[in-house]
Amino acid sequence: MSTVVKPMNRVLIAEDDNVDRMLLEAYLKNTDFEVISTKNGNEAWDVINESKKPPQIVIIDWLMPEMDGIALCKKIREMKSANYIYVILVTAKSMSEDMVQGLEAGADDYLTKPYEKAVLLARINVGTRIVSLEREKNERLKKIRFTNHKLRQDMKAAVQVQLSLLPQKEFSLAGYSFEWFFKPSDLLGGDMLHIYKISDTKVACYVLDVSGHGTQAALLSVTIRNQLTTNSVDSSMVSVPGGLISFESRDTSPLDIVTGLANHYNDLLERTGHFFTIIYGILDTQSGEFNYISAGHHNPILISGSDYTVSEESSGAPIGMFKSQKYIQQKVILTPGDRLYLYTDGIIEETNIKGEQFGNKRLINELMKLNGKRGSLPLVIDGMSDWVKHCGFKDDIALIEIFHRNL
């Protein structure tokens, strides 16, 4: 049975002196190495350059015609090779400055003539170990790159799933229009928002913010989103049978829904290290009442003409932080021309180069500029970007606009 010789078990000799070349061949006889002999640097370079898998141990004489050892070392180091080539430079020169020159040219080791067989073989074995370690490292890197590629592909698929769960871009009902903006700080976001009908006259809206970032936060936000959408009557929305909250009627209140969430996730922080804040509200398009619960979340901003209103009352603590928590339902009434905004703290807590936060006042100023123009929510984020003066946001961003257009 023939034995396949691995590239690192092949030794290339570049030596113009016949006696020295024959001596090297004799020293390597009866070893595990296959020996390839060349008479000068050009021949050695042809073997290395034209081979798909060049020898990984190369013994080069310094003084050779046509191309000397220093020039050959430099060409080897300049080439692109999948595997490392270990170079041993052999010379009669023994001055320290000569050794430095050889090593700086790319040699890994330096052997001064005359040398003993045992010393040569020991140097080759050192090179073999280094080449073997280099090969193992490359194999690990190859596996890591493959795994990372697969993870990136899976992550891209997960991003598409998360984006597909967001509401339709344009949604109107009974004189009200609903718009939104969503931007994760990473590929996947821990924020989530939704807008969906729960009856012919009522629309539920919420934004939630899971603590932390990354895949775990994103999975939790998607889970909560699906649980909350079990009462949607819009056939385009995802419905999860047997979800967390059972809705016996379409009159379920925000208080009932958030309390149900709190009871279900009462030990979330203890189990996962995460908690989440949420503002969940239901708009009655007939009365203009927007009843909501702000569980550890920022209260909505109401823009009415040139005025704005923000409640300072707290509905209750974030969900999952405490095992027993009561919530207080709040209410705001929209009249024709009013705009109501729900948002996550990724907007107001974004900082500029001085460490200053964007804050509520700057957000309100940007919202006041919109005047209810359709598709204008990205202008708010543009204004924030101009203020912070850097690309990329540290936190996820979610923003909903409810506009009473029935003038």
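Residues numbered from 1 in each chain as written. Predicted model: local features only at pLDDT ≥ 70, side-chain atom pairs only at ≥ 80, totals over all residues. Heavy atoms only, no water.

Caption draft 1: Layout of the overall build of the protein. Secondary structure assignment for the protein yields 10 helices and 16 strands. The proportion of buried residues among the 407 residues of the protein is 48%. Taking contacts inside the protein between residues at least 6 apart in sequence as the whole, the part at least 24 apart equals 67%. In the structure as shown, the protein presents an accessible area of about 20,700 Å², 52% of it carried by carbon and sulfur atoms. (Helix = DSSP H or I, 4+ residues; strand = E, 2+ residues; numbered from the N terminus. Buried < 20%, exposed > 50% of the residue type's maximum accessible area, 1.4 Å probe, protein only. Contact = heavy atoms within 4.5 Å. Areas by Shrake-Rupley, 256 points an atom, 1.4 Å probe, with all protein chains shown as cover.)

Caption draft 2: Looking closely at the confidence of the model for the protein. With 89% of its residues at a pLDDT of 70 or more, the protein has an overall mean of 82. Predicted confidence is poor over residues 1-6, with pLDDT under 50, and the contacts of this stretch with residues over four places away or in other chains come to two contacts. (pLDDT = per-residue confidence, 0-100.)

Caption draft 3: Geometry of helix H7 (residues 254-264). Taken as a whole, H7 has its buried residues at Pro254, Ile257, Val258, Gly260, Leu261 and Ala262. Looking at the buried residues of H7, the elements they touch are helix H6 (214-228), strand S10 (276-284) and strand S11 (289-295).

Caption draft 4: The arrangement of the pattern of salt bridges in detail. By the definition in use, this model includes 11 salt bridges. Among the salt bridges present, the one from Asp20 reaches Lys113, with a minimum N-O distance of 3.0 Å. Linking Asp20 in helix H1 (residues 18-28) with Lys113 in the loop between strand S5 (109-112) and helix H5 (117-164), this pair joins segments that are 93 residues apart in sequence. The partly exposed category is assigned to Lys113, whose relative accessible area is 21%. Taken together, the shared-partner salt bridges connect Glu15, Asp20, Asp61 and Lys113 into one network. (Salt bridge = Lys/Arg side-chain N within 4 Å of Asp/Glu carboxyl O.)

Caption draft 5: Quick look at the packing of helix H9 (residues 359-368) against helix H10 (residues 377-388). In the contact formed by H9 and H10, the axes pass within 9 Å of each other and the chain directions differ by 135°. Considering their axes alone, H9 and H10 lie oblique with respect to each other. When the axes of H9 and H10 are compared, the crossing they make is right-handed. Of the residues in H10, those in contact with Arg362, Leu363, Glu366 and Leu367 of H9 are Leu379, Val380, Gly383 and Trp387. Its residues assigned to classes, the contact of H9 with H10 shows five nonpolar, one polar and two charged. (Axes fitted to C-alpha atoms, helices over the stretch in contact; angles between N-to-C directions. Parallel < 35°, antiparallel > 145°, perpendicular 65-115°, else oblique. Left-handed = near helix turned anticlockwise from the far one by under 90°. Nonpolar A, V, L, I, M, F, W, Y, C, P; charged D, E, K, R; others polar.)

Caption draft 6: Just the side chain of His194, in detail. Residue placement: His194 occurs in strand S8 (residues 191-197). On the basis of relative accessible area, His194 is assigned to the buried category, the value being 0%. Within the structure, His194 has its side chain in polar contact with the side chain of Arg225 (distance 2.8 Å). (Polar contact = N/O pair within 3.5 Å; in protein donor to acceptor, adjacent residues only side chain to side chain.)

Caption draft 7: Inspection of the sheet that holds strand S1 (residues 10-14) at higher detail. Taking strand neighbours across the sheet as the criterion, the five strands line up as S2-S1-S3-S4-S5 in an open arrangement whose pairing is parallel. The open sheet has two free edges, formed respectively by strand S2 (34-38) and S5, since each of these has just one partner strand. Across the sheet, the mean angle from the axis of one strand to that of its neighbour is 20°, orientation sign disregarded. In the sheet, strand S3 (residues 57-61) pairs with strand S4 (residues 86-91) via five bridges, with the strands oriented parallel. Within S4, the position partnered with Asp61 by the bridge is Val90. Packing against the sheet, helix H3 (residues 69-78) makes contact with S1, S3 and S4, and its axis sits at approximately 175° to S4. (Pairing = 2+ DSSP bridges.)

Caption draft 8: Local environment of the packing of aromatic side chains. On inspection of all chains with the given rule, the structure shows seven aromatic pairs. Ring geometry for Tyr27 against Tyr115: centres 6.3 Å apart, planes inclined by 65°, an arrangement best described as edge-to-face. Taken together, the positions of Tyr27 in helix H1 and Tyr115 in the loop between S5 and H5 put the pair 88 residues apart, joining distant regions of the chain. No difference in accessibility class separates Tyr27 from Tyr115, as the two residues are buried. On the basis of an interplanar angle of 65° and a centroid distance of 5.6 Å, the ring pair of Phe358 and Trp387 is categorised as edge-to-face. Pair noted here: Phe358 is in the loop between strand S15 (339-343) and H9 and Trp387 is in helix H10, with a separation of 29 residues, a long-range link. Residue class for Phe358 comes out buried when judged on its relative accessible area of 2%. An aromatic cluster is built from Tyr196, Tyr206 and Tyr280, whose rings are joined through pairwise contacts. Seen from the ring of Trp45, Lys75 lies directly overhead, with NZ or CZ sitting 4.8 Å from the centre. (Phe/Tyr/Trp six-rings, centres within 6.5 Å; stacked < 30°, edge-to-face > 60°. Lys NZ or Arg CZ within 6 Å of the ring centre and 35° of its normal.)

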